Amino acid sequence: QVQLVESGGGLVQPGGSLRLSCAASGFTFSMYNMGWYRQAPGKQRELVATGTPGGRTNYADSVKGRFTISRDNAKNTAYLQMNNLKPEDTAVYYCNAARFLNAYWGQGTQVTVSS
């Protein structure tokens with residue numbers, strides 16, 4: 001069955017870095033758009049970054065220049081490199097895979113930015 005498993009979250013100080021990973025299985029990873037979303041307490045889930053199979057990327061304005069989405073099709077894994085983290089980046093981060101009418105979600109990983 002389809003699985004998306006996020007890892008790499010944790011507690012980090014402002015200005016620090018984290019790299020999130022999303023290990024995928026159960027579908028043809030290389031053909032899917034991959035994305036990262038986040039949801040902070042009391043807020044709606046929002047788009048962070050997306051990447052197409054062809055390598056096009058899109059970022060929320062709030063993370064441009066700080067976050068980078070990437071993928072390794074050989075490992076069926078997507079990544080989100082997060083640099084210069086800010087307290088407002090604190091949220092549960094979710095991995096998403098989408099293609100036409102198919103969309104899959106991971107269970108989420110907590111990122112907390114605090115001193």
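Data block above holds the structure.
What you are looking at is a predicted structure, and each value in this text was computed from that prediction instead of being measured.

In this structure, what is going on with the pattern of salt bridges? I would like to understand it.
Any two side chains of opposite charge can pair, given that their charged atoms come close. The final tally for this structure, using the stated rule, is 4 salt bridges. Measuring nitrogen to oxygen at the nearest pair gives 2.7 Å for the salt bridge that ties Arg-38 to Glu-46. What makes Arg-38 buried here is its relative accessible area of 6%. Notably, a salt bridge pairs Arg-38 with Asp-89, separated by 2.9 Å at the nearest N-O pair. Of this pair, Arg-38 sits in strand S4 (residues 33-39) while Asp-89 is found in the loop between strand S8 (77-82) and strand S9 (91-99), placing the two residues 51 residues apart along the sequence. As far as the burial class goes, Arg-38 and Asp-89 line up, both buried.

Sorry if this is basic, but what is going on with the state of the cysteines here?
Cysteine pairs can be covalently joined through their sulfur atoms, and such a bond is termed a disulfide. Scanning all chains against the criterion turns up 1 disulfide. For Cys-22, the disulfide goes to Cys-95, at an S-S distance of 2.0 Å. Disulfide Cys-22 to Cys-95: torsion about the S-S bond roughly -80 degrees, handedness left-handed. Here Cys-22 is found in strand S3 (residues 18-25), whereas its partner Cys-95 is found in strand S9, with 73 residues between them in sequence. When sorted by exposure, Cys-22 lands in the same class as Cys-95, which is buried.

How each quantity is defined
- Residues numbered from 1 in each chain as written.
- Predicted model: local features only at pLDDT ≥ 70, side-chain atom pairs only at ≥ 80, totals over all residues.
- Heavy atoms only, no water.
- Salt bridge = Lys/Arg side-chain N within 4 Å of Asp/Glu carboxyl O.
- Buried < 20%, exposed > 50% of the residue type's maximum accessible area, 1.4 Å probe, protein only.
- Helix = DSSP H or I, 4+ residues; strand = E, 2+ residues; numbered from the N terminus.
- Disulfide = S-S within 2.5 Å.

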